[in-house]
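Inside the fold
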Amino acid sequence: MTKQILKLGIPAGSLKDSTGELFQKAGYNIRFSSRSYYPSIDDDEIECLLIRAQEMARYVEEGILDAGITGLDWVLETGADVHEVCELLFSKVSRKPVRWVLCVPEDSPIQSVKDLEGKRIATEVVGLTERYLAKNGVTAKVEFSWGATEVKPPRLADAIVEVTETGSSLRANNLRIVEELLQSTTRFIANKEAYANDWVKEKIDNIALMLQSCLAAENKVGLMMNVHRDNKEAVLELLPALQKPTISSLAGEDWIAVGTIVDEAVVRTVIPKLKAAGAKGIVEYAINKIID
């Protein structure tokens, strides 16, 4: 019987390292080589291929890849007909969506998309931009930008449509955001025909489950403590539990063990309050995965 292999696309470029780190947290060790487009992975049922995020959706749609990771923006830009397995809230800098924005020089008279009639726009997302202009009844010349888009206004373009996470590059180039076209997050996508196969679907869904569990656990920690029954209500009122605290009896009838998961940011304020409310033996521990 021929062994089944999942053909998985890993995004090259800015998402490569963050994708590799997420897979490692999920239990998959991906090794990248500077001389190969075929990263190794410690799962002999998966074959990885390094592909630019901009091209990923097209190769998944065509069945060259069974599944891949790319941005919603590139799925929409290419118009690829793929199955979205799940959203993965991570990017190269933060866990926030990236934004595709219409920008002009700070001193430009352009104040809205309507002012772009007959103007020249440089961007990497030509399709998204043309559809945006059409929706607003504006006719303008949209040119594909091969890079360094921020430096093109005002000499090479009147405006640009560019992606940003923090806005720092735009500010550094004295650009002003006029309007936002799209917010995009990373998506795990699959070829529709491949996903209809039971083995492939289970393999992809299992990967998605583990990746999402790692993202859900980010910035969370576990707390365990012993509480006298007389102090139970006072302690429970202080716990901003993920769902509900776990309570179990200890040896003897007077004490209980309380466990919960909280945002790491609240630990420094909640632990002193728990201690003051009567909690003993408070232990904080790391959370690697959370699966509902």
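You'll find the chain entered in an unreviewed UniProt entry as ATP phosphoribosyltransferase, with hydrothermal vent metagenome given as the organism. The heading Subcellular location (unreviewed entry) in the UniProt record of the chain holds the text "Cytoplasm". The UniProt entry for the chain carries the following comment under Sequence similarities (unreviewed entry): "Belongs to the ATP phosphoribosyltransferase family. Long subfamily."

Here we take up the nonpolar core. General note: in soluble globular proteins, nonpolar side chains tend to be found buried as a group. Counting residues in hydrophobic clusters, the biggest one holds 30 residues, and the most contacted among them are Leu-8, Phe-23, Leu-88, Phe-188, Ile-204, Ile-207 and Leu-211. Contributions of two or more residues to this core are made by β1 (6-12), α1 (16-25), β4 (46-52), β5 (67-71), β6 (83-88), β12 (186-190), α6 (192-195) and α7 (198-217). When residues in this core are grouped by element, the largest group, 7 residues, is from α7. For Leu-211, the residues in contact, after removing those within four places along its chain, are Leu-22, Phe-23, Ala-26, Ile-69 and Leu-88.

You can read the domains of the chain as domain 1 (6-93 + 186-217), domain 2 (98-184) and domain 3 (220-286). Taking the mean C-alpha position of each, domain 1 and domain 3 sit 39 Å from one another.

Counted under the stated rule, the structure contains 3 aromatic pairs. An angle of 65 degrees between the planes, with centres 5.9 Å apart, marks the rings of Phe-23 and Tyr-28 as edge-to-face. With a centroid separation of 4.8 Å and 85 degrees between ring planes, the pair formed by Phe-144 and Trp-146 is classed as edge-to-face. Looking at Phe-144, the relative accessible area reads 38%, which means it is partly exposed. Positioned above the aromatic ring of Phe-32, the side-chain terminus of Lys-16 is 5.1 Å from the ring centre.

About the cut-offs
- Residues numbered from 1 in each chain as written.
- Predicted model: local features only at pLDDT ≥ 70, side-chain atom pairs only at ≥ 80, totals over all residues.
- Heavy atoms only, no water.
- UniProt positions renumbered as here; feature names shortened; annotations may be inferred.
- Core = buried A, V, L, I, M, F, W, Y, C linked by side-chain atoms within 4.5 Å.
- Buried < 20%, exposed > 50% of the residue type's maximum accessible area, 1.4 Å probe, protein only.
- Helix = DSSP H or I, 4+ residues; strand = E, 2+ residues; numbered from the N terminus.
- Contact = heavy atoms within 4.5 Å.
- Domains from an automatic or database assignment.
- Phe/Tyr/Trp six-rings, centres within 6.5 Å; stacked < 30°, edge-to-face > 60°.
- Lys NZ or Arg CZ within 6 Å of the ring centre and 35° of its normal.

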